[in-house]
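Commentary on secondary and tertiary structure
Here is how the chains run, residue by residue.
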Amino acid sequence: MTQAPSPAVTVRRLGTNEAAACVPALAEVLIDCVAGGASVSFMHPLAAERAMDFWRGVADGVARGERALLVAEAPGSGELLGTVQLVLSQPENQPHRADVAKMLVHRRARRQGIAQRLLAAVDEVARQEGKSVLVLDTVTGGDAERLYARAGWQRVGEVPGYALMPDGEPCGTTFFYRAL
C-alpha cells in the first residue's frame, strides 16, 4: 500500500540555474532507477558521465523554455528524491499538448507517495503553461502503469516489444493521456 509522503517533502519546478546545478543529483537518481530495472531509455550499467550528459541536455532545454523540470526534495537536507519533466515544446499544430517524461523516484524513497505528488505538480505546471492534453508512455505491467491508472490517466493502448528493459529484455509499452 502506498503511503502519503511527509508533508515536508518539497516538490518544485527548477529554474535554469537550479536545473544546471542539480545535474549530479539528477544523474544519481537516474542511475539508481536504471540499476533497479526501470526502462527509461538507458541500458544497465549506466555510466555517470552518460547520465550527466543527459541531464545537461535537459537543463539546456529548461533554459530554452522547451521543458519544465520538477523535483521532489527531502525535508531538511534538500536531497533529491525524485523528478519528472514536462516537454512543453511541441509541433505547431499541438500547442495545447505536452509530454510527461522521465518520472523517476529513487528506490530508497519509493512507496511514500512521491510519484503522486510529482504527478499533481506536473498537472499544475501544465495548466500554468496553457496545456490541456498530457501524454506519456510506460512499461506495460509495471508499477508506473498502475500508478498512472490510479491517478486517473486514460489508457490508450499497448505496443508489444516497443522498448528494452535495462538488461536487454524486450518489453511492451503502454500509452496514456490525460485531459486537464
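See the structure printed just above.
As a starting point, this report considers the structure included with it. (Residues numbered from 1 in each chain as written. Predicted model: local features only at pLDDT ≥ 70, side-chain atom pairs only at ≥ 80, totals over all residues. Heavy atoms only, no water.)

1. Structural notes on the overall build of the chain
Defined as follows: The helix count covers DSSP runs of H or I at least four residues long, the strand count covers runs of E at least two residues long, and both are numbered beginning at the N terminus. The quantity called the radius of gyration is restricted to C-alpha atoms. Its globule counterpart is 2.2 Å times the number of residues to the power 0.38. The buried label goes to any residue with under 20% of its type's maximum accessible area, the exposed label to any with over 50%, and the partly exposed label to all in between, with areas taken from a 1.4 Å probe on protein chains only. The contact rule is simple, with two residues in contact once any of their heavy atoms fall within 4.5 Å. All accessibility values rest on the Shrake-Rupley procedure with a 1.4 Å probe; residue burial counts only the protein chains present in the view. Residues scored as charged are limited to Lys and Arg (positive) and Asp and Glu (negative), so that His and the chain ends carry no count. Throughout, a charge is located at the NZ atom of Lys, the CZ atom of Arg, the CG atom of Asp or the CD atom of Glu.
Within the chain, the regular secondary structure consists of five helices and seven strands. Ordered by position in the sequence, the α and β elements of the chain form the string β-α-α-α-β-β-β-α-β-α-β-β. In terms of overall size, the chain behaves like a compact globule, its C-alpha atoms giving a radius of gyration of 15 Å where 180 residues would be expected to give roughly 16 Å. Across its three principal directions, the C-alpha atoms of the chain cover 40 × 40 × 35 Å. Looking at the chain as a whole, 43% of its 180 residues qualify as buried. Summarising the internal contacts of the chain: among those between residues at least 6 apart in sequence, 60% fall at separations of at least 24. Counting only carbon and sulfur atoms, one obtains 51% of the accessible surface of the chain, whose full area is about 8900 Å². Charged side chains in the chain number 19 positive and 20 negative. The centres of these two groups are separated by 4 Å.

2. Examining unusual backbone geometry
Note the cis peptide between His44 and Pro45, where omega equals 0°. By the secondary structure assignment, Pro45 is in the loop between helix H2 (23-35) and helix H3 (48-63). The backbone of Lys102 sits at a positive phi, close to 50°, despite the residue not being glycine. Positive phi, close to 65°, is recorded for Arg111, a residue that is not glycine. Tracing the backbone shows Arg111 in the loop between strand S4 (97-105) and helix H4 (114-128). What makes Arg111 exposed here is its relative accessible area of 54%.

3. A closer look at the pairing of strand S7 (residues 170-179)
For the record, the criterion: When DSSP finds two or more bridges between two strands, those strands count as paired.
Strand direction decides the pairing type here: strand S5 (residues 133-139) and S7, joined by seven bridges, are antiparallel. Considered in S7, the bridge of Val133 is made with Ala179. The sheet contact formed by strand S6 (residues 154-164) and S7 spans seven bridges and is antiparallel. Residue pairing across strands places Gly157 opposite Phe175, the latter belonging to S7. In this antiparallel pair of consecutive strands, S6 and S7, the connection spans five residues, and Gly168 shows a positive phi of 100°.

4. Re the nonpolar core
Condition: Residue types Ala, Val, Leu, Ile, Met, Phe, Trp, Tyr and Cys, when buried and joined through side-chain atoms within 4.5 Å, form a set referred to as a nonpolar core.
Residues Leu70, Leu86, Val100, Leu118, Tyr148 and Trp153 are the most contacted members of the largest nonpolar core, which totals 28 residues. Mapped onto this core, the elements with two or more residues apiece are strand S2 (67-73), strand S3 (80-87), S4, H4, S5 and helix H5 (143-150). The biggest single contributor to this core is H4, with eight residues. Beyond its immediate chain neighbours, meaning those up to four positions away, Val100 contacts Val84, Gln85, Leu86, Val122, Leu134, Val135, Leu136 and Trp153. Leu30, Val40, Leu46 and Val58 belong to the second largest nonpolar core, which has 22 residues in total.

5. So, H5
Operational definition: By construction, the arc corresponds to the directions joining the helix axis to the C-beta atoms.
Here H5 has its buried residues at Glu145, Leu147 and Tyr148. Axial view of H5: buried residues confined to an arc of 160°, hence all on one face. Check the buried side of H5 and you find it contacts S4, H4, S5, S6 and S7. One or two positions beyond H5, positive phi appears at Gly152, with a value near 90°.

6. Some details on the state of the cysteines
Rule in force here: Two cysteine sulfur atoms form a disulfide, by the criterion used here, when they sit within 2.5 Å.
Tallied over the entire structure, the rule returns zero disulfides. Of the cysteine sulfurs around Cys22, a residue in no disulfide, the closest is that of Cys33, at 15 Å. Take Cys22: its relative accessible area is 15%, and that puts it in the buried class. Cysteine Cys171 remains unbridged, with the sulfur of Cys33 as its closest cysteine sulfur at 15 Å. The exposure class of Cys171 is buried, given its relative accessible area of 7%.

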